[in-house]
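# Geometric and topological summary
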Amino acid sequence: MSFLMSLPTLLHSAVIFGTVILFGAMGEILTEKGGNLNLGVPGIMYLGGIAGLCATFAYENVYCVRAGVSPNIAVCVILCLLATFLAAALGGLIYAFLTITLRTNQNVTGLTLTIFGSGIGNFFGGSLNKLAGGVGQVSVAATSEAFRAYPQGLVNALDRVTGSLGLGTLLFSYGFLTYVALALAIVLWYFLGKTRSGLSLRAVGENPATADAAGINVTKYKYLATCLGAGITGMGGTYYVMNYIRGTWENQGTIEALGWLAVALVIFATWKPLRSIWGSYLFGMLYWAYFYIPNLTRSSKELFKMLPYVVTLIVLLVVSLRRKKEDQPPASLGLPYFREER
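Quick notes on the rules
Residues numbered from 1 in each chain as written. Predicted model: local features only at pLDDT ≥ 70, side-chain atom pairs only at ≥ 80, totals over all residues. Heavy atoms only, no water. Axes fitted to C-alpha atoms, helices over the stretch in contact; angles between N-to-C directions. Helix = DSSP H or I, 4+ residues; strand = E, 2+ residues; numbered from the N terminus. Parallel < 35°, antiparallel > 145°, perpendicular 65-115°, else oblique. Left-handed = near helix turned anticlockwise from the far one by under 90°. Contact = heavy atoms within 4.5 Å. Nonpolar A, V, L, I, M, F, W, Y, C, P; charged D, E, K, R; others polar. Bend = angle between axes of the 7 residues up to and from the residue. Buried < 20%, exposed > 50% of the residue type's maximum accessible area, 1.4 Å probe, protein only. Core = buried A, V, L, I, M, F, W, Y, C linked by side-chain atoms within 4.5 Å. Lys, Arg positive; Asp, Glu negative; His and termini not counted. Salt bridge = Lys/Arg side-chain N within 4 Å of Asp/Glu carboxyl O. Patch = residues over 30% accessible without salt bridge, like charges linked within 9 Å, V, L, I, M, F, W, Y side chains within 5 Å. Areas by Shrake-Rupley, 256 points an atom, 1.4 Å probe, with all protein chains shown as cover. Phe/Tyr/Trp six-rings, centres within 6.5 Å; stacked < 30°, edge-to-face > 60°.

### Quick word on the packing of helix 3 (residues 41-67) against helix 13 (residues 254-268)
For the pair helix 3 and helix 13, the least separation of the axes is 8 Å and the interaxial angle reads 130°. When the interaxial angle is binned, helix 3 and helix 13 end up oblique. Considering the relative orientation of helix 3 and helix 13, their crossing is right-handed. Of the residues in helix 13, those in contact with V41, P42, M45 and Y46 of helix 3 are I255, E256, L258, G259, W260, A262 and V263.

Here it is in structure tokens:
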């Protein structure tokens, strides 16, 4: 009974937690549709999160303090998103140059990018903590508040009407990036399935030699998909920093765990953007379900945290056995393309 009473709160937490994973999964889906397997998702999320935090910290706590002015909310948000996207896209560009131009091993390069990104993030995050006076003292309150703002009046009105269901809180009490993630998943679904460029990208991922023979610039599509996908992935890091931990920095490895969940979600969603929406919320709910179940031991809590990965393994097994073409990864995923061998 107590679990049922806490279900609305669990669902609310699942949406917030799942949105971080959703951004990472969408970026990776776009990348993998072009045939590149980027296992650097956690590192790219680190790069995006720390870049957004550093940019807004410099604006809020350095420039505005010295100038004696209040932070401009629009500048805070734009600066944060711009820094996030550029830093994450730069990480994607490094990966693309190494794997597409130099044709290095994609698995090794991706894992190296994860280590690199986490190192960069924790180095600059630790530096910001030291600059601010200690661990957990970094704060970009104005930016975080802008990211977490929601229509309070609408939420209260719906909550009064729906009572204990709390539909207002469940549907509309999230920051704007939550709805951006949903819209982006729909746009990505339309792009990949309904547009000429999206179909060309899928052709590159399935058979780059055939796509090349048809006049499609394979290198251009791979570079763009990897860099844009990395930029989207980086937004997950900023969402975690600004919405989840409220504009500070922590060094507990949570971003890395979320990055691997995003990679797992790509498999769970069978490379379909729309399926990744409810999949991300399911992952969020499974990951935090232990928090709302009383009298669990420490080992039991760790088992609950494994559930998203267990579900992914089951889906992977089912997909492998069914062998439906539409549920399979791109045929050339992870394979380098040598035009001379066409």
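### Overview of the packing of helix 2 (residues 7-33) against helix 14 (residues 273-288)
Two quantities define a packed helix pair, namely the angle between the helix axes and the distance between the axes. One way to put it is that helix 2 packs onto helix 14 with a least axis distance of 7 Å and a crossing angle of 135°. Comparing the axis directions of helix 2 and helix 14 gives the class oblique. The handedness of the crossing between helix 2 and helix 14 comes out as right-handed. For the pair helix 2 and helix 14, the contacting residues are L10, L11, A14, V15, F17, G18, T19, I21, L22, M26 and I29 in the first and P273, S276, I277, S280, Y281, F283, G284, M285, Y287 and W288 in the second. For the contact of helix 2 with helix 14, a count of residues per class yields 16 nonpolar, five polar and no charged.

### Considerations on helix 2
The largest bend in helix 2 amounts to roughly 30° and is located at G18. By the criterion of burial, helix 2 is predominantly enclosed, with 22 of the 27 residues buried. One or two residues past the end of helix 2 sits G35, with phi positive at roughly 95°.

### Details of the nonpolar core
Within the largest apolar cluster, 68 residues are counted, with the highest numbers of intra-cluster contacts made by I21, F23, M26, L53 and L258. At 12 residues, helix 2 tops the list of elements feeding residues into this core. Those residues in contact with I21 that lie beyond four places of it in its chain are L258, L261, A262, L265, S280 and F283. A88, Y95, L113 and A230 belong to the second-largest nonpolar core, a separate cluster that totals five residues.

### Considerations on unusual backbone geometry
You will see that R246, though not glycine, has its phi angle at about 60°, which is positive. By the element assignment, R246 lies in the loop between helix 12 (218-244) and helix 13.

### Re the side chain of K222
The residue K222 is located in helix 12 in this model. The buried charged residue K222 lacks any salt bridge, with D212 as its nearest oppositely charged partner at 11 Å. Those residues within four positions of K222 in sequence are excluded, and the remaining contacts are G34, G35, N36, I100 and V204.

### Some points on helix 6 (residues 141-148)
Along helix 6, the residues classified as buried are A142, T143, S144, A146 and F147. Where helix 6 is buried, its residues contact helix 3, helix 4 (73-101), helix 9 (176-194) and helix 12.

### Considering a nonpolar patch on the surface
A cluster of nonpolar side chains, contributed by L154, L165, L167, L171, F172 and Y179, occupies part of the molecular surface with about 500 Å² of accessible area. Per-element tally for the nonpolar patch: the top contributor is helix 8 (residues 167-172), with three residues. Mapped onto the secondary structure, L165 falls in the loop between helix 7 (152-162) and helix 8.

### Focus on the packing of aromatic side chains
For the coordinates displayed, the defined rule picks out 10 aromatic pairs. A centroid spacing of 6.2 Å and a plane angle of 55° characterise the contact between Y46 and W249, whose relative ring orientation is tilted. Of this pair, Y46 sits in helix 3 while W249 sits in the loop between helix 12 and helix 13, and the two are 203 residues apart along the sequence. Neither residue differs from the other here; Y46 and W249 are each classed as buried.

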